[in-house]
Amino acid sequence: MKKSIAIVLSLVLLSSVGVFFAGCAGGAGGDAPVQIVIYSQLANFSGEQRGWAGEVFLEEFNAVVQIIPDADGTFATRMEAGFLGDIVLFGSSGREYLNAVEAGMLFDWEEDDLVQTYGPFIWENMRLALETNRELSGGRIHGFGFNVAQSGEDHEDFFYYPYIRWDLYVELGMPYVGTLEDFIPVLEAMVALEPYNEFGQRNFAVSFFPDWDGDMVMMVKSTGALYGYDEFGFGLYCTQTQTFQPIFYENGQYLRALRFYNQLFQRGLMDPDSMTQTFDDMREKYLTGRAMWNIFSWMADPFNTEENMAEGRAMMPLAASDQRNIVYGLNPFGGTRVWTIGAQSAHPELAMQIINWFSTPEGSLTFFYGPRGIMWDYNAYGNTYLTELGLLAQQDADAAIFTMGDWTGSYREGEFQHNLPTWAREATNPDSADGECFNWEVWRSTLETRYIHPIEQHWRDHFNAVRADDYLISRGHYSISIGSTFQMARRDSEFELIWNQIAGVIRSGTWRALYAENDEEFEEIVAEMIENAYAFGLAQAYEWLFEQAALRRAAEEAAMGR
């Protein structure tokens, strides 16, 4: 009788599990969709995930996802409310992540074998990243860092270049650019050639936005990446010398970039809306040709539509002869942005299933390029290829229109909004027969079939390079940031208060200096910013950052086996 009861209970349990997976993993049956909240500090969108990505969540997991982006006070408010989200994506593994760990706001991934049971691909393929998180989190695994790779012997794709309007540069006779400041007269001449776009709107050399400012102003500090400098608190970390450069170091990269952009402003070449506009406002200006130079590949991409390139207009990479663009080494330990699950989630198993799916090759390729069978697939040789629609989406995301489920729209309208990958795009795809990576640009199928517009062929012929990466590497325009286990230490509450005051001084002072009307005003604003930052404790911050830089160097040396 006991044996019969056990069999009946086992059948009931198996039936329940089957229903759970049918509802959560397949979207089958009549179950109401599960509501999942993703709080992402990387998101630029707020609301329900719709579009083809929303249909993917519905079909794969029977889930409707709400995206909560980060803004001033969002993290503190959600911490106080006791619910960060079902899935919580941190922009860094620093203060806020460590505060969440200490407050018990993040799920322990090994509790009840959560990751082993519902994240089997992660458990089998990302162990180094999980163990790195354990070390960071005081002995428990709460997630893993993004951009994981299987090997640390290679580097990511470049995304710092800079890009320039190649058609206008050619029209100017392709003047020599020896260093950063040499771009100024070139950009001035380019804007003179095309002072207005096709809609009669005024054009500029550059346009940027404040949304991603942190300890420093994002566009200013990021320009140091053109010379191998990585953001590092109140300063930059030189990847070539593995040393810390304070933000106000005389002739240092931050002040150099600040002067560079102010010179553009003084000449009427910097978009005056840069301090107040949103990311979407800035993107629209690059899309419509109102800005002609930038330091990120993703800022140039909107302009390079099929229509513009067919008409002989495009933004292409052009490095000054002394540039050493930073490129990040692939990292089996995971990067500093972290995938986690909120401790108060009512659906931790489903949250883990979702993260695990994004960590599989199919989930990663869907995140990067869209749904399988519509935008990409494997060919008869077991290697990946983009469909005709998938290639169009990479070339002009607004022009790729398709239907999925109950949704019809453009690829761009439907993209995933949480904005955080699991695998690095240049990491090896374990499902690829020939071991190709996740980056479509280097797939054999792409190189053999993609149509090259004449303007892009002109750039290729001029530099004797197929891709931007080939161009930068062949000319030595790069410096690798070594992937390691280094994570910046947590600051105590008293130091954090000092830190935030300094950061506020730097952000406000930087923006004021950017808009200085002349050199004298610029120098006065900078001097005032430096004085105020020291008054709030910048010297103490420097001392701490030099210590952290030494730890980073040691971790990099260990990762390289030196």
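Figured I'd write up the structure that's included with this text.

The rules we used
- Residues numbered from 1 in each chain as written.
- Predicted model: local features only at pLDDT ≥ 70, side-chain atom pairs only at ≥ 80, totals over all residues.
- Heavy atoms only, no water.
- Salt bridge = Lys/Arg side-chain N within 4 Å of Asp/Glu carboxyl O.
- Helix = DSSP H or I, 4+ residues; strand = E, 2+ residues; numbered from the N terminus.
- Buried < 20%, exposed > 50% of the residue type's maximum accessible area, 1.4 Å probe, protein only.
- Core = buried A, V, L, I, M, F, W, Y, C linked by side-chain atoms within 4.5 Å.
- Contact = heavy atoms within 4.5 Å.
- Patch = residues over 30% accessible without salt bridge, like charges linked within 9 Å, V, L, I, M, F, W, Y side chains within 5 Å.
- Areas by Shrake-Rupley, 256 points an atom, 1.4 Å probe, with all protein chains shown as cover.
- Axes fitted to C-alpha atoms, helices over the stretch in contact; angles between N-to-C directions.
- Left-handed = near helix turned anticlockwise from the far one by under 90°.
- Nonpolar A, V, L, I, M, F, W, Y, C, P; charged D, E, K, R; others polar.

## Some points on the pattern of salt bridges
For the structure on display, the rule yields 28 salt bridges. Arg-256 is paired through a salt bridge with Glu-181; the nearest N and O atoms lie 2.9 Å apart. Remark: Glu-181 occurs in the loop between helix H8 (166–171) and helix H9 (183–193) and Arg-256 occurs in helix H11 (residues 253–266); sequence separation between them is 75 residues. You can call Arg-256 buried: its relative accessible area is 17%. When its relative accessible area of 31% is taken as the criterion, Glu-181 is described as partly exposed. Across the salt bridge formed by Asp-434 and Arg-444, the nearest N and O atoms sit 3.2 Å from each other. Linking Asp-434 in the loop between helix H18 (411–414) and helix H19 (444–449) with Arg-444 in helix H19, this pair joins segments that are ten residues apart in sequence.

## Looking at unusual backbone geometry
Cis geometry marks the peptide bond from Tyr-161 to Pro-162, where omega comes out at 10°. As for its placement among the helices and strands, Pro-162 is situated in strand S6 (residues 160–165). In this structure, Asn-147 takes a positive phi of about 55° despite not being glycine. By secondary structure assignment, the location of Asn-147 is in the loop between strand S5 (143–145) and S6. The class for Asn-147 is buried, based on a relative accessible area of 12%. Phi angles above zero are rare outside glycine, and Asn-251 is one such case at about 65°. Mapped onto the secondary structure, Asn-251 falls in the loop between strand S9 (243–246) and H11. Here Asn-251 falls in the exposed class, since its relative accessible area comes to 65%.

## Observations concerning the nonpolar core
With 100 residues, the main nonpolar core has Ile-164, Phe-183, Phe-234, Tyr-261 and Trp-293 as its most contacted residues. For this core, the leading source of residues is helix H22 (residues 493–514), giving ten residues. Each residue touching Ile-164, except ones within four places of it in the same chain, is listed here: Tyr-169, Phe-183, Val-186, Leu-187, Met-190, Met-292, Trp-293, Ala-314, Met-315, Met-316 and Leu-318. In this structure, Val-115, Phe-358, Tyr-369 and Phe-416 belong to the second largest nonpolar core, which totals 63 residues.

## Notes on a nonpolar patch on the surface
Together, Ile-473, Tyr-478 and Ile-480 make up an exposed nonpolar region whose accessible area comes to about 220 Å². Mapped onto the secondary structure, Ile-473 falls in helix H21 (residues 468–474). Given the relative accessible area of 35%, Ile-473 is considered partly exposed.

## Some words on the packing of helix H2 (residues 51–61) against helix H15 (residues 348–359)
Here H2 crosses H15 at 115°, and the two axes come no closer than 12 Å. The way H2 lies across H15 gives a crossing that is right-handed. Of the residues in H15, those in contact with Val-56, Phe-57, Glu-60 and Phe-61 of H2 are Leu-350, Gln-353, Ile-354, Trp-357 and Phe-358. Across the contact of H2 with H15, the residue classes tally to seven nonpolar, one polar and one charged.

Remember that the coordinates give geometry; whether it matters functionally is a separate question.
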